[in-house]
Amino acid sequence: MVKYPLIALMTDFGEDDFFVASLKGVIAKINPSARIIDITHRLPSFDIKAGSFILFSSFKYFPARTIFLVVVDPGVGTSRNIVLAETENYFFIAPDNGVLSLVLEEESIKQLREVTNQNYFLPELSRTFEGRDKMAPVAAWLSRGISCEEFGPETTSYKKSNAEKPQIKRDEIIGHILYIDKFGNLITNIPERMLELLQKKTGKKTLSLSINDREITSFEQSYSFVKKGELLFLIGSLGLIEIAAKESSAAQKLKIKNGDKCKIIVRN
Amino acid sequence: MVKYPLIALMTDFGEDDFFVASLKGVIAKINPSARIIDITHRLPSFDIKAGSFILFSSFKYFPARTIFLVVVDPGVGTSRNIVLAETENYFFIAPDNGVLSLVLEEESIKQLREVTNQNYFLPELSRTFEGRDKMAPVAAWLSRGISCEEFGPETTSYKKSNAEKPQIKRDEIIGHILYIDKFGNLITNIPERMLELLQKKTGKKTLSLSINDREITSFEQSYSFVKKGELLFLIGSLGLIEIAAKESSAAQKLKIKNGDKCKIIVRN
Amino acid sequence: MVKYPLIALMTDFGEDDFFVASLKGVIAKINPSARIIDITHRLPSFDIKAGSFILFSSFKYFPARTIFLVVVDPGVGTSRNIVLAETENYFFIAPDNGVLSLVLEEESIKQLREVTNQNYFLPELSRTFEGRDKMAPVAAWLSRGISCEEFGPETTSYKKSNAEKPQIKRDEIIGHILYIDKFGNLITNIPERMLELLQKKTGKKTLSLSINDREITSFEQSYSFVKKGELLFLIGSLGLIEIAAKESSAAQKLKIKNGDKCKIIVRN
């Protein structure tokens, strides 16, 4: 038996309906001692990119051997696969639609399986809710110690994202907005270490951030180092450059949406 | 002692306030080893029909002996009863206002109790929050193995819903929209088996669905078998006919609300 | 080892993002046997008053030794302290910004600590997410039985609220709206016992409530004792005077917001 089995759930099901409850019921029925932690169920419907980012932002804080069950599944009922990935530290189960791309780039993959073994599915299968009928039972059986090999044949590839990486061009880093959080903070795809790289490469020091024809010059350690409502940029809690406004929404102030471009500029 | 006691909670309390936390605190105080699973707390305020449907849609996926604690209670503080139902598989505790009607029609009832025994209530009773003061403690004591008989006298009836059943008339099944889910899918009250019945009875085969002066002819196995945004109907994950639009909201496209009529038509 | 360790979480993080999941992951990693109950994560961003009230409204229902982890933290990354309070019954961890003021006024304080011991923080610290990096790990270690003394030096004061108390003036009690709940009920800061006090002091009996130039005369035991939509006032489930409208929103009817004045009037 696995000690302290933990399943972390992330879906775009919302919390109004019967979807999440069904997943949890299925899990509790198969493994009553599995603990369940909700990552979120409030992903925008069908938003694989947002799912990929939220998972990436939180998975490392979970205990080793956590089973991540991710259901954002616009292709349910088609021939898209269900993938089970075992990495050095974790297990991931999801439709093979790119939602695991960011975490699997970070983790060292031990094996990938195509989930096909009907013995671990519910006896009655619907065509529109494979999260409940296939993925949740597989997560629950896995949490009971069934080995990955059991669930289906090995596979070598999974769907990757085609997200653009940030790039250094002369005195600038060109990036974009990955995610807008609840506070209206704009999380970019530019990691902290690229700032030092830019400074080293150019021999210049003073950083500013340009977005939507506006230049932000306050580069601070935390939100509270400017006046209420003022814009700043900083190194966020994920190690990524973030644009914020003290006790206010930078997204609203700047009228920004996901995917919008931004750049870091270095000067003397 | 009950092994793996599980209490599933459903309310219209929302998640902003102190209501749900109080229920959970009360339960944890009485039975620290009870696990709690949230079905939803986001039922529209006082919406007994929605509660009845969500419970019906998810309860079967839970382990045997799960205790369902349902608090949608517009009549709190009046003479309405609190009912405890033991069925073949489960326990249900709720105000006797019809919210259990759909599940109790499905389940084989072993006993019904009127919950009256003050020994299992909190010592201080408010007049406006019996979920916290009476129902949650009763659920928690039940999860510790106290037998149903203890909580109050037997009763023989519970409040039933007066929901209209779908009907076959000549070449049509007349039904209505039971529930609109988060994705904008319209779940009807027409079960899968009525389609076959209609086809057998009429000797005709081709099915279409008519709603709000519009006829939908794509009857598919899952959402993805039409073009993005296109309307279809299908057998949903509950075995009920469902109207959907691929990666889009059928409810918005069709301007439909709960209770609106729809019909299935069969032709040669 | 602590038996049944329980951590109750309250934040303004919302449920859309990676914030809450990160806290829970951190806790599960340090103490896999800690149970976690969510109070709410839907406090309005940075709203210390709302947090203080919600905590106050629910904490007493939790089992003794519950650890309350409260993260509403507009001052994150500045010199504001993190406080750990042990009271007769509970533990509280929060930024020292007043969010604990209402509960600490109620509870008998055994010790207050300034949380500073880096040994109990995550090894890598961000400047913008001390909930994850400092407070959650401290809560988890505390739930494993580490004693309060370990986490930092004793302190004697904590930030108090400057909330106005209700006052009796001649034939009136002057109070204000503390909180508007999900149903639109208006919870005042006037406790039940002040009504009796007012009646005794004046020798008069008939109570009414005045708010926003409107006088409400129905003083009832529960919501259902008036007609649908009608206004009433009553003693709410927290022992505080509450204004409600049957199966309707008093807040909308009266166009009231938090902090608005109200008064109880007594007549012959």
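*Asks:* Got a minute to help me understand the interface of chain A and chain C in this structure?
*Replies:* Note: interface size is frequently given as the accessible area lost on complex formation between the parts. Taken together, the contact pairs 36 residues of chain A with 33 residues of chain C. Around 2800 Å² of area is buried between chain A and chain C when both sides are counted, 57% of it from carbon and sulfur atoms. Summed over the three residues of chain A that lose the most area to chain C, namely Tyr61, Lys182 and Phe183 of chain A, the buried surface amounts to 24% of that side. Counting across the chain A and chain C interface gives 1 salt bridge. Where Asp16 of chain C meets Arg42 of chain A, a salt bridge forms, and the shortest distance between an N and an O atom there is 2.6 Å.

*Asks:* Would you mind going over unusual backbone geometry with me for this structure?
*Replies:* Trans is the prevailing form of peptide bonds, just as negative phi is the prevailing case for residues other than glycine. Positioned with a positive phi, Arg65 of chain A is a non-glycine residue whose angle comes to about 75°. Secondary-structure assignment places Arg65 of chain A in the loop between helix H2 (48-58) and strand S3 (67-71). Of note in the backbone geometry, Phe46 of chain C takes a positive phi value of approximately 65° without being a glycine. Positionally, Phe46 of chain C belongs in the loop between strand S2 (35-40) and helix H2 (48-58).

*Asks:* I would appreciate a short explanation of the side chain of Gln111 of chain A in the present structure.
*Replies:* All names here are of chain A. Position of Gln111 relative to the elements: it lies in strand S6 (residues 109-114). Side-chain polar atoms of Gln111 contact the side chain of Glu86, separated by 2.8 Å. Among the polar contacts made by the side chain of Gln111, one reaches the side chain of Arg113 at a distance of 2.8 Å. Apart from the residues lying within four places of it in its own chain, the contact partners of Gln111 are Leu84, Ala85, Glu86, Cys148, Glu149 and Glu154.

*Asks:* Can you walk me through the sheet that holds strand S6 (residues 109-114) of chain C in this structure?
*Replies:* Strands in a sheet are paired, the pairing made by backbone hydrogen bonds, and the direction either parallel or antiparallel. All names here are of chain C. Pairing within the open sheet is mixed, and its 6 strands lie in the order S2-S1-S3-S5-S4-S6. Where the open sheet ends on each side, the last strands, each with one partner, are S2 and S6. Taken over all neighbouring pairs, the strand axes of this sheet differ in orientation by 20° on average, direction set aside. As defined by bridge partners, strand S3 (residues 67-71) adjoins strand S5 (residues 91-95) across 3 bridges and the pair is classed as parallel. Paired with Ile67 across the bridge in S5 is Phe91. Together, strand S1 (6-11), S3, strand S4 (82-87) and S5 form the strand contacts of helix H4 (residues 130-143), whose direction differs from that of S3 by roughly 175°.

*Asks:* Quick question: what am I supposed to make of the pattern of salt bridges here?
*Replies:* Oppositely charged side chains can pair when the atoms bearing their charge come close. Residues and elements named next belong to chain C. By the definition in use, this model includes 54 salt bridges over all chains. Among the ionic pairs, Glu105 bridges to Lys165, the shortest N-O distance being 3.3 Å. A residue pair is termed long-range when its members are at least 10 positions apart, and Glu105 in helix H3 (residues 101-106) and Lys165 in the loop between H4 and strand S7 (167-169) qualify at 60 residues. A relative accessible area of 53% places Lys165 in the exposed class. We note a salt bridge from Glu154 to Arg113, for which the minimum N-O separation is 3.6 Å. With Glu154 in the loop between H4 and S7 and Arg113 in strand S6, this residue pair connects regions lying 41 residues apart in the sequence.

*Asks:* Can you help me understand the packing of helix H1 (residues 19-30) of chain C against H4 of chain C in this one?
*Replies:* Packed helices, taken two at a time, are described by the angle their axes make and the gap between the axes. Residues and elements named next belong to chain C. H4 packs onto H1 with a crossing angle of 40° between their chain directions and a minimal axis gap of 9 Å. Our classification of the angle between H1 and H4 gives oblique. For the crossing formed where H1 meets H4, the hand is right-handed. Of H4, the residues touching H1 (which contributes Ser22, Leu23, Val26, Ile27 and Ile30) are Gly131, Arg132, Ala136, Pro137, Ala140 and Trp141.

*Asks:* Hey, could you run me through the relation of the copies chain A and chain C in this one?
*Replies:* Both copies of the chain are related by one operation, a rotation about an axis with a shift along it. When chain A is fitted to chain C, the best match, at an RMSD of 0.0 Å, comes from turning it 120° and sliding it 0.0 Å along the axis. Within this description, the copies of the chain are treated as partners about a three-fold rotation axis. Of the C-alpha atoms belonging to chain A, the one lying closest to the rotation axis is found on Arg35 of chain A, 5.2 Å away. An overlap of only 6% is found between the interface residues of chain A and their copies at the interface of chain C, pointing to separate contact surfaces.

*Asks:* Explain the side chain of Asn117 of chain C here, please?
*Replies:* Within the fold, Asn117 of chain C resides in the loop between S6 and H4. A distance of 2.9 Å separates a polar side-chain atom of Asn117 of chain C from the backbone oxygen of Glu150 of chain C.

Reading the values: the criteria
- Residues numbered from 1 in each chain as written.
- Chains lettered and ligands numbered in written order.
- Predicted model: local features only at pLDDT ≥ 70, side-chain atom pairs only at ≥ 80, totals over all residues.
- Heavy atoms only, no water.
- Contact = heavy atoms within 4.5 Å.
- Buried area = accessible area lost by both parts, 1.4 Å probe.
- Salt bridge = Lys/Arg side-chain N within 4 Å of Asp/Glu carboxyl O.
- Helix = DSSP H or I, 4+ residues; strand = E, 2+ residues; numbered from the N terminus.
- Polar contact = N/O pair within 3.5 Å; in protein donor to acceptor, adjacent residues only side chain to side chain.
- Pairing = 2+ DSSP bridges.
- Axes fitted to C-alpha atoms, helices over the stretch in contact; angles between N-to-C directions.
- Buried < 20%, exposed > 50% of the residue type's maximum accessible area, 1.4 Å probe, protein only.
- Parallel < 35°, antiparallel > 145°, perpendicular 65-115°, else oblique.
- Left-handed = near helix turned anticlockwise from the far one by under 90°.
- Least-squares fit on C-alpha atoms with pLDDT ≥ 70 in both.

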